[in-house]
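Coordinates in review
Listed below, chain by chain, are the residues.
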Amino acid sequence: MRQLFAIILAAPALAAGPAFAQSGKTEVLWLGQSAIRITSPGGKVIVIDPFLSKNPKTPDSWKNPDALGNVDLVLVTHAHADHLGDAPYIVKKNNAPLWASQGLAAALAALGEVPGKLSNRMGQGGSITPFGPGGVRITMTHAEHNSELAWENPVTKKREIHFGGEPAGFILQMENGFKIYHMGDTGLFGDMKLIGDYYKPDLVLIPIGGGQFVMNPADAAYATREWLKPKYAIPIHYATNPALVGTPKEYIEALGSTPTKVITMNPGERVEF
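Here is a short report on the structure shown in this document.

So, how was this worked out
- Chains are numbered independently. Their residues run from 1 in the order of the written sequence.
- Where totals are concerned, whole chains, interfaces and linings use all residues; where local detail is concerned, this predicted model gives features only for residues with pLDDT of at least 70, and gives and counts side-chain atom pairs only at 80 or more.
- Side-chain figures throughout are based on the complete set of non-hydrogen atoms in the structure, without hydrogens or water.
- DSSP bridges decide pairing: two strands pair if at least two such bridges lie between them.
- What counts as a helix is a DSSP run of H or I of at least four residues, what counts as a strand is a run of E of at least two, and both are numbered from the N terminus.
- Whenever Lys or Arg places a side-chain nitrogen within 4 Å of a carboxyl oxygen from Asp or Glu, that contact is recorded as a salt bridge.
- A 1.4 Å probe rolled over the protein chains alone gives each residue an accessible area, and that area as a share of the maximum for its type sets the label: buried under 20%, exposed over 50%, partly exposed in between.
- Each Phe, Tyr or Trp ring (for Trp, its six-membered ring) is paired with any other whose centre lies within 6.5 Å, and the angle between the two planes then decides the class: stacked below 30 degrees, edge-to-face above 60, tilted in between.
- Put simply, buried Ala, Val, Leu, Ile, Met, Phe, Trp, Tyr and Cys residues joined by side-chain atoms within 4.5 Å make one nonpolar core.
- Only heavy atoms enter the contact rule, under which two residues are in contact if any of them lie within 4.5 Å.
- Along the arc lie the directions from the helix axis toward the C-beta atoms.
- Grid points spaced at 1 Å over the protein atoms alone were grouped into cavities, where a 1.4 Å probe fits but cannot get out, and pockets, open sets with protein on both sides within 12 Å along at least five of seven lines, with lining residues defined by an atom within 4 Å of a point.
- Grid points are joined across faces, edges and corners, and a volume is the space filled by probe spheres set on the points.
- Here the term right-handed applies to a crossover when the path leading from its first strand over the helix to its second strand runs clockwise, the strands being oriented away from the viewer.
- Lines fitted to C-alpha atoms define the axes, with helix axes restricted to the stretch in contact, and inter-axis angles between N-to-C directions lie between 0 and 180 degrees.
- Small angles under 35 degrees read as roughly parallel and large ones over 145 as roughly antiparallel, with 65 to 115 read as roughly perpendicular and the rest as oblique.
- In this scheme, a crossing is called left-handed if the near helix is turned counterclockwise away from the far one by less than a right angle; it is called right-handed if the turn is clockwise.
- Each residue gets one of three labels, nonpolar for Ala, Val, Leu, Ile, Met, Phe, Trp, Tyr, Cys and Pro, charged for Asp, Glu, Lys and Arg, and polar for the others, Gly among them.

Glancing now at the sheet that holds strand E16 (residues 261-262). Taken in spatial order, the 7 strands of this open sheet run E8-E9-E12-E13-E14-E15-E16, and their pairing is mixed. At either end of the open sheet lies a strand with only one pairing partner, and these are strand E8 (127-128) and E16. Sheet analysis places strand E12 (residues 168-173) next to strand E13 (residues 179-182), joined by 4 bridges and oriented antiparallel. Across the sheet, Gln173 pairs through a bridge with Lys179, a residue of E13.

Before going further, it helps to examine the pattern of salt bridges. Under the defined criterion, the tally for this structure stands at 8 salt bridges. The salt bridge involving Lys231 is made with Asp202; its shortest N-O contact spans 2.6 Å. Residue Lys231 is found in the loop between helix H6 (217-228) and strand E15 (232-236), and its partner Asp202 is found in the loop between helix H5 (192-199) and strand E14 (203-207); the two are separated by 29 residues along the sequence. For Asp202, a relative accessible area of 11% puts it in the buried group. Ionic contacts of the salt-bridge type, sharing partners, join the residues Lys25, Glu27, Arg37, Arg270 and Glu272 into one network.

So, on to the packing of aromatic side chains. For the structure on display, the rule yields 5 aromatic pairs. Ring geometry for Tyr222 against Trp227: centres 5.2 Å apart, planes inclined by 90 degrees, an arrangement best described as edge-to-face. Among the aromatic residues, those joined into a ring-pair cluster are Phe178, Tyr232 and Phe273.

Membership of the largest hydrophobic core comes to 49 residues, with the highest contact counts inside it found for Val28, Leu75, Ile138, Leu172, Leu203 and Tyr251. Beyond its immediate chain neighbours, meaning those up to four positions away, Leu75 contacts Ile46, Val47, Ile48, Asp49, Pro50, Trp99, Ile138, Phe170 and Leu172.

Let's shift gears to helix H7 (residues 248-255). If you check which residues of H7 are buried, you get Pro248, Tyr251 and Leu255. Considered in projection along H7, the buried side chains sweep an arc of 60 degrees and stay on one side of the axis. Pointing more than 90 degrees away from the buried face of H7 are the exposed residues Lys249 and Glu253. Contacts made by the buried residues of H7 are with E14, H6, E15 and E16. Of the residues flanking the end of H7, it is Gly256, one or two places downstream, whose phi is positive at about 65 degrees.

Computed from the structure, the largest pocket encloses a volume of approximately 460 Å³. In terms of lining residues, the largest pocket is bounded by 20 residues, among which Lys54, Ala81, Leu84, Gly85 and Ala150 are the most central. Counting only elements with at least two residues in the lining of the largest pocket, the list comes to helix H2 (81-84), helix H3 (87-94) and strand E10 (148-152). A per-element tally of the lining of the largest pocket places E10 first, with 5 residues.

With that settled, the discussion passes to H3. Considered for burial, the residues of H3 that qualify are Ala87, Pro88, Ile90, Val91 and Asn94. Down the axis of H3, the buried side of the element spans an arc of 165 degrees, and every buried residue falls inside it. Just beyond H3, the residue with positive phi is Asn95, at close to 50 degrees.

For E15, the buried fraction is high: 5 of the 5 residues fall into the buried class. Handedness of the crossover joining E14 and E15 through H6 is recorded here as right-handed. Where E15 and E16 come together, 2 bridges link them in parallel fashion. Looking at E16, one finds that Tyr232 is bridged to Lys261.

With that out of the way, let us pick up the packing of H5 against H6. Two elements in contact, H5 and H6, have axes separated by 8 Å at closest approach and are oriented at 45 degrees. On the basis of the axis angle, H5 is oblique to H6. Taken as a pair, H5 and H6 cross one another with a handedness that is right-handed. Across the interface between the two elements, Met192, Lys193, Ile195 and Gly196 from H5 touch Ala223, Trp227 and Leu228 from H6.

Our next topic: the packing of H6 against H7. For the pair H6 and H7, the least separation of the axes is 8 Å and the interaxial angle reads 45 degrees. Classified by the angle between their axes, H6 and H7 sit oblique to one another. By crossing handedness, the relation of H6 to H7 is classed as right-handed. Mapping the contact onto sequence places Pro217, Ala218, Ala220, Ala221, Thr224 and Arg225 in H6 and Glu250, Tyr251, Ala254 and Leu255 in H7. Its residues placed into classes, the contact of H6 with H7 shows 7 nonpolar, 1 polar and 2 charged.

Everything listed is a geometric property; what it means functionally is a separate question.
Dropping the structure here:
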């Protein structure tokens, strides 16, 4: 396969400008766990699951969410703190719309964490073109996980558990047709085959950490090889806590011979397609 990507050490606050917008490339920046910044060929900046300031694997230079630069839209796959992370701050600072499952978006608005006008609800199978016709298309998919919202009441200082909607993944189709599947947190489920057959993702951002939370490397390899069959895969969601013991090496070994190109990255690196 001809190599169509390049890994680059990313500098903080590297915002998309006119030159990048005209390059026809998609940039993916990984910041540890499931935190991803995507810059589309048209220059739109989309942040997914921005667990940054408290993420032990996020480089120090990226822990301040301001280092992301301008953000046009925020996606959150589910309510757990290591995915919701700094999303409320980023949304308010950038006046950027947040899109999440219906229960999570409603809870964040009701609790005053995100302004109601910016907290948008989606359902699995729903699809949006938030930047207008011909722009990036985002579709919400199922994920096999859970999604409780732990919230500290500012009055009582007590921890409360609220409904966080259903967990989800996202398919993002760039302006040039390149498709990215951010799987969120998930275990194996049979409709991954449907997602692979129907959406045909070019790049899969796939959790491999295992433990009691997400797919382990063998599970992730099976989903990649048998169901999703992407051109590229980037392993995510590992090594941030003692339970997430899966490694990219184990994933690659379990994958065996396959056309999928696995791209292993360090937090703070970006790759262009």
